[in-house]
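Below are the chains, spelled out letter by letter.
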Amino acid sequence: MSISAVKGFRDGLGPAACVSRQIEDAAAGVLRGYGFDEIRLPILERTELFARAIGETTDIVEKEMYTFEDRDGTLITLRPEGTASVVRALVEHHLDQKDPITRLYYTGPMFRHERPQKGRHRQFYQVGAELFGREDPLADAEVLACARDVLDAVGVRGARMLINSLGDGACRPAYRDALQAWGIARRDRLCKNCARRVDKNPLRLLDCKDPKCREATADAPLLKDHLCGECDDHFARVRSLLDALGVAYEVDPRLVRGLDYYVRTTFEITADGLGAVAAVGAGGRYDGLVAQLGGPKISGIGFAFGVDRLALALEAAQPGAEDRAAESLAPAVFIAVLGADAEAEALALARKLRRLGTRVELDGGRSLKSLMRRADRLGAGRVLIVGEEEVAARRGTLRDMIEKRDDKLAVDFDLDGEALLLAVGVEP
Ligand code: ATP
Ligand code: MG
């Protein structure tokens with residue numbers, strides 16, 4: 001019996017893999033332009049890192065983590081997100097001592113034990129960025145503009161950026177208490193999940209997806225009416241910078257995030273084409289997190305995009321991304337080898353072309369007809385026939401698969417560099 005992949009875990013194949021890679025490359029290009037350096041993070045961390053960073057009462061820590069005992073008994077977890085690891089690395093390597101301002105980005109798989117559906121997988125990919133050491137609203141505006149530029153570079157048009165301020169240690173506790181009291185007084189009207197979590201994590205009442213619960217909390221107190229002066233000013237300044245830049249956003253006063261560590265500016269990016277899930281990316285400010293993980297008191301702000309969801313949103317915005325990727329996977333040249341005596345020459349020629357950056361498919365050991373059929377199926381632009389006669393003459397016949405004709409001037413095997421590329425019809 002054959003063995004299939006574990007439920008919720010998928011293989012990225014062909015054009016789909018190509019689209020994911022293009023998205024990651026486009027995002028990374030933008031992030032590097034904004035001064036972020038790449039950090040290559042471990043996949044496994046100590047469980048306590050996520051428990052402490054993300055919060056014990058969050059969905060992720062309560063029920064979504066892949067946690068197990070290492071051989072020495074240490075509890076370890078497959079990372080469900082990247083921020084906690086980046087902060088751990090910042091603290092562990094004292095990065096703030098080299099430069100008080102640090103910008104890091106990461107890409108790679110994350111793991112959450114969720115119910116698999118369109119846009120929701122147990123292994124999914126993120127590209128994310130974190131900026132440390134800046135508390136000023138300018139940093140928030142820059143990070144939000146950067147997130148918008150990632151969307152533009154990927155090609156996701158029409159995404160909505162929802163922003164809100166979650167307040168800080170000065171104003172959120174009083175608001176939290178007020179919301180909690182409000183929720184407890186109405187517990188019987190809340191959904192089961194919210195009726196339970198109002199005791200521990202009342203803010204989540206605001207982003208419950210249950211329609212009945214949404215109705216029950218329609219007139220819940222909102223943080224925007226409870227922000228302290230400093231948070232209010234900070235948020236106003238962020239908005240005015242975004243307005244000046246022309247970065248589109250909408251204020252959503254009910255936006256809270258699943259992770260406990262967010263303060264002040266928080267945001268979520270939604271797009272069409274995602275099915276039952278909504279967000280392609282999310283982020284915000286987490287000024288207390290570094291200290292909470294044993295580091296110095298430095299602020300941070302960042303975001304993460306889901307690569308799988310960006311691919312869905314891209315497909316909705318510009319259908320045919322996979323077809324375009326498939327085209328880019330077609331070999332520019334297909335070398336058809338006829339006869340054992342032509343093999344070494346054909347291989348040398350293919351290698352020369354490949355080292356010049358050309359995608360070459362080489363195949364032999366069967367009839368020309370069957371080789372041509374395969375070249376056609378692969379969408380190869382040209383077929384170069386290399387048989388014993390061609391080897392003797394040191395030139396091969398080139399067939400243009402689009403025009404369906406043989407070139408009069410055959411390819412000289414001793415050409416190299418630009419001349420060889422031109423001879424096989426590839427733009428140097
Ligand atoms: P959701 O509300 O959809 O569960 P989340 O708030 O848990 O999202 P974050 O922790 O903010 O998500 O992660 C940032 C991004 O990572 C999300 O906006 C999404 O694009 C992506 N993401 C999160 N979980 C998954 C998943 N299980 N499968 C695919 N992508 C995911
Ligand atoms: Mg989630």
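Residues numbered from 1 in each chain as written. Chains lettered and ligands numbered in written order. Predicted model: local features only at pLDDT ≥ 70, side-chain atom pairs only at ≥ 80, totals over all residues. Heavy atoms only, no water.

### Considering the sheet that holds strand β6 (residues 123-132)
So the rule is basically this: A pair of strands is considered paired only if DSSP assigns at least 2 bridges between the two. Strands are runs of DSSP state E lasting at least 2 residues, helices are runs of H or I lasting at least 4, and numbering of each runs from the N terminus. Contact criterion: two residues are considered in contact whenever any of their non-hydrogen atoms come within 4.5 Å of each other. Structural elements are reduced to axes, namely lines fitted to C-alpha atoms, with helices fitted over the stretch in contact, and the angle between N-to-C directions of any two is expressed from 0 to 180 degrees.
Across the sheet, eight strands lie side by side as β1-β5-β6-β11-β10-β9-β7-β8; this open sheet has mixed pairing. Each edge of the open sheet is held by one strand with a lone partner, namely β1 (37-38) and β8 (250-251). In this structure, strand β10 (residues 279-285) lies alongside strand β11 (residues 300-306), joined through five bridges in antiparallel fashion. When the bridges of β11 are listed, Gly 281 appears paired with Phe 305. Along the sheet, helix α1 (residues 14-33) contacts β5 (102-111), β6 and β11; its crossing angle with β6, the most-contacted strand, is approximately 5 degrees.

### A short note on the environment of Ala 174
Position of Ala 174 relative to the elements: it lies in helix α7 (residues 172-185). A sequence separation of 52 residues divides Ala 174 from His 226, and the C-alpha atoms of the two residues are 8.2 Å apart.

### Description of the domain arrangement of the chain
The line we're drawing: Residue ranges for the domains trace back to a domain assignment, done automatically or taken from a database.
As far as domains go, the chain holds domain 1 (14-171 + 227-322) and domain 2 (330-423). Centre-to-centre, using C-alpha coordinates, domain 1 lies 47 Å away from domain 2.

### Describing the side chain of Asp 140
Our working rule: Accessible area is worked out with a 1.4 Å probe on protein chains only. A residue is then buried under 20% of its type maximum, exposed over 50%, and partly exposed in between.
Note that Asp 140 resides in helix α6 (residues 137-154). Given a relative accessible area of 0%, Asp 140 falls into the buried group. Ignoring sequence-local partners within four residues, the contact set of Asp 140 consists of Glu 135, His 234, Val 238, Thr 265, Arg 285 and Ile 301.

### Remarks on the site of ligand 1
Put simply, the rule reads: If a single non-hydrogen atom of a residue is within 4 Å of a molecule or strand, that residue counts as near it. Counted as a polar contact is a pair of N or O atoms within 3.5 Å, where, for protein atoms, one must be capable of donating a hydrogen and the other of accepting one, and residues adjacent in sequence contribute only when both atoms are in side chains. Where accessible areas are quoted, they stem from the Shrake-Rupley method and a 1.4 Å probe; at the residue level, only the protein chains shown are allowed to cover. Under the grouping applied here, Gly and all other residues not named as nonpolar or charged are polar, the nonpolar ones being Ala, Val, Leu, Ile, Met, Phe, Trp, Tyr, Cys and Pro and the charged ones Asp, Glu, Lys and Arg.
For ligand 1, the set of nearby residues contains 15 residues, the closest of which are Arg 112, Glu 114, Arg 120, Arg 257 and Arg 309. Between ligand 1 and Glu 114, the relevant distance is 2.7 Å, taken from a nitrogen atom to a side-chain nitrogen or oxygen of the residue. Between Val 280 and ligand 1, the recorded distance is 3.0 Å, taken from a backbone N or O atom to an oxygen atom. The fraction of the free accessible surface of ligand 1 (580 Å²) that becomes covered by protein chains is 86%. Of all the secondary structure elements, the ones that give two or more residues to the shell around ligand 1 are β6, β10 and β11. When residues of the shell around ligand 1 are assigned to their parent elements, the largest contribution, four residues, is made by β10. A breakdown of the residues in the shell around ligand 1 according to their chemical character gives five nonpolar, five polar and five charged.

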